[in-house]
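# Fold and geometry: a report
Read off the chains here:
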Amino acid sequence: MRLWIISGLTIFGALCCTGVVAKVAVLTLGVLLFCYVITRSPRISAERYREGLYNKVVLVCGASSGIGEELAYQLAAKHCQLVLVARTESKLLRVKEGAIKAGSPRVEVIAYDFSNVKKCVTSVLYKTIEMFGRLDYLILNHGLMPNGPFLGFSKQQDPEFIQKIFNVNVFSYMQLATHAIPHLEVTGGHIHVTSSLAGEIPQIIGGLYCATKHAKNGFFYSLQQELIHKKSKVSVNIGAFGLIVTREMKDTSKKINMPKFLQGDLQTCVKIIIDNLVLRQRTITFPPTSKAFRFNWYLNPFFHEFFLAGMTDYNSLVKSYVNVNEPLVKTTLQK
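A few points on the structure. (Residues numbered from 1 in each chain as written. Predicted model: local features only at pLDDT ≥ 70, side-chain atom pairs only at ≥ 80, totals over all residues. Heavy atoms only, no water.)

### Description of the overall build of the protein chain
- When you go through the protein chain residue by residue, the secondary structure sums to 15 helices and nine strands.
- Relative to its 335 residues, the protein chain shows a buried fraction of 48%.
- Sequence-distant contacts in the protein chain: of pairs separated by 6 or more residues, those separated by 24 or more amount to 72%. (Helix = DSSP H or I, 4+ residues; strand = E, 2+ residues; numbered from the N terminus. Buried < 20%, exposed > 50% of the residue type's maximum accessible area, 1.4 Å probe, protein only. Contact = heavy atoms within 4.5 Å.)

Listed below in structure tokens is the structure:
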């Protein structure tokens, strides 16, 4: 009933307003209310948590920091057995120690660079199966995030660099998921894919990053359909996340002038991911207010102007990312 009331008031308010900006503002507020009502987390009983997570084998790719690190700790608290994967072994060992303290009965680490797509299946997936004998959950969370306007940096335009970003952010995901499915069929398992609203919405500082996220979304939503049609026991979830406030992302939020209401808390985001290992929803969007941003992109013809409002001028924006892209960068600032 509340959803009908919110929808009716939103449409009525939009019709009564004059001017495109006012209509968009009313519709956006309506969507925010709608999203708040429909995205409240359902309660999961302790019994259901135990059945879905206790002693399960979880392969977490991209586990040395950010979302992956927090996933390791929260999954450990649910008594999951973990395989943690990232490039740097020393960071993985630190996370392993924290996961053991949090309650995991067994934690293994694999240091691997996913830019090497050809060997990721044998070096990561098959090694996990060899160690544990099964796989219950595959969490694809690793990635590279090149920052800065695409035209501003010759490094980002280099074909080899572009290939590396796609290898890590897209092709390794496809390979791991494809070869994990036969093993997940045995356990009735689940694949979580960490994606982003950048897979739907453009960003001036992330053209290459957005391209990989669009590709990732296209493949995994298609894979969802295929698994449903073949009546597979395996389910796939895509996490459409806004800016999650990790240590690594604090500076980015300031540079692009991201509103606070579109930023998400790390611990809450990870709890939602873990809840969804049990609930198996097809898409999770966090923070919920990000849905209004998605709505704005699809319906607002002036979205680019809306997004760029309040942002520094182009040359200053490029200069603010010079250190991120050094030493291979050559800026191409506007004259």
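### With respect to the packing of helix α8 (residues 159-187) against helix α9 (residues 207-229)
- With their axes 9 Å apart at the nearest point, α8 and α9 run at an angle of 15 degrees to one another. Relative to α9, the element α8 is oriented roughly parallel. In the packing of α8 onto α9, the handedness of the crossing is right-handed. Facing Phe161, Ile162, Ile165, Phe166, Asn169, Val170, Tyr173, Met174, Ala177, Thr178 and Ile181 of α8, the residues of α9 in contact are Leu208, Tyr209, Ala211, Thr212, Ala215, Lys216, Phe219, Phe220, Leu223 and Leu227.
- A per-class count over the contact of α8 with α9 returns 17 nonpolar, three polar and one charged. (Axes fitted to C-alpha atoms, helices over the stretch in contact; angles between N-to-C directions. Parallel < 35°, antiparallel > 145°, perpendicular 65-115°, else oblique. Left-handed = near helix turned anticlockwise from the far one by under 90°. Nonpolar A, V, L, I, M, F, W, Y, C, P; charged D, E, K, R; others polar.)

### As for the pattern of salt bridges
- Applying the stated criterion across every chain, the model contains seven salt bridges.
- The shortest N-O distance in the salt bridge between Arg294 and Glu200 comes to 2.7 Å. With Arg294 in helix α12 (residues 290-299) and Glu200 in the loop between β5 (190-194) and α9, this residue pair connects regions lying 94 residues apart in the sequence.
- Residue Arg294 is classed as buried on the basis of its relative accessible area, which comes to 17%. (Salt bridge = Lys/Arg side-chain N within 4 Å of Asp/Glu carboxyl O.)

### Description of the pairing of strand β2 (residues 81-86)
- When you tally the buried positions in β2, you get six out of six residues, the bulk of the element.
- For strand β1 (residues 57-61) and β2, the ladder comprises five bridges, and the chain directions are parallel. Its bridge partner being in β2, Val58 is matched across the sheet by Leu82.
- For the crossover that starts at β1, traverses helix α4 (residues 66-77) and ends in the parallel β2, the hand is right-handed.
- Handedness of the crossover joining β2 and strand β3 (residues 107-111) through helix α5 (residues 89-102) is recorded here as right-handed. (Pairing = 2+ DSSP bridges. Right-handed = clockwise from strand over helix to strand, strands pointing away.)

### Observations regarding the environment of Val236
- One can find Val236 in strand β6 (residues 235-241).
- Under the relative-accessibility criterion, Val236 is labelled buried at 4%.
- Discounting chain neighbours no more than four positions away, the residues touching Val236 are His190, Ile191, Val193, Phe220, Leu223, Gln224, Leu227, Gln281 and Arg282.

### A few points about α9
- The terminal C-alpha atoms of α9 lie 33 Å apart, and with 23 residues this matches the ideal 33 Å at 1.5 Å per residue to within 8%.
- Elements in contact with the buried residues of α9: β4 (137-140), α7 (154-157), α8, β5 and β6.
- Lys231 sits one or two residues past α9 and shows a positive phi near 55 degrees. (Expected span 1.5 Å × (residues − 1).)

### A closer look at unusual backbone geometry
- In the segment running from Phe286 into Pro287, the intervening peptide bond is cis, with an omega of -5 degrees.
- Looking at the element boundaries, Pro287 is found in the loop between β9 (283-286) and α12.
- Positive phi, close to 65 degrees, is recorded for His79, a residue that is not glycine.
- With respect to the helices and strands, His79 occurs in the loop between α4 and β2.
- Even without being a glycine, Arg280 presents a positive backbone phi close to 60 degrees.

### Remarks on the nonpolar core
- By size, the foremost hydrophobic cluster in this structure holds 38 residues, and its most contacted members are Leu140 and Ile191.
- Counting only elements with at least two residues in this core, the list comes to β1, β2, α6 (120-132), β4, α8, β5, α9 and β6.
- The element best represented in this core is α8, accounting for eleven residues.
- With sequence-adjacent residues up to four places away left out, Ile191 is seen in contact with Leu138, Leu140, Ala177, Ile181, Leu184, Val234, Ser235, Val236 and Asn237. (Core = buried A, V, L, I, M, F, W, Y, C linked by side-chain atoms within 4.5 Å.)

### Here we look at α8
- If you check α8, its first and last C-alpha atoms are 40 Å apart, about what 29 residues at 1.5 Å a residue would give, namely 42 Å.
- Remark: the principal bend of α8, roughly 50 degrees, maps to Asn167.
- Backbone geometry just after α8 places Gly188 at a positive phi near 65 degrees. (Bend = angle between axes of the 7 residues up to and from the residue.)

### Things to note about the sheet that holds β6
- Taken in spatial order, the seven strands of this open sheet run β3-β2-β1-β4-β5-β6-β9, and their pairing is parallel. The open sheet is flanked by β3 and β9, the only strands paired with a single partner. Along the sheet, successive strands turn relative to each other by an average axial angle of 15 degrees, direction set aside.
- Across five bridges, β2 lies against β3 in parallel orientation. Residue pairing for β3: Ala86 is matched across the bridge by Ala111.
- Strand contacts of α4: β1, β2, β4, β5 and β6, with the helix running at about 170 degrees to β2, the strand carrying the most contacts.
- Where α9 meets the sheet, its contacts fall on β4, β5, β6 and β9, and the angle it forms with β6 comes to roughly 150 degrees.

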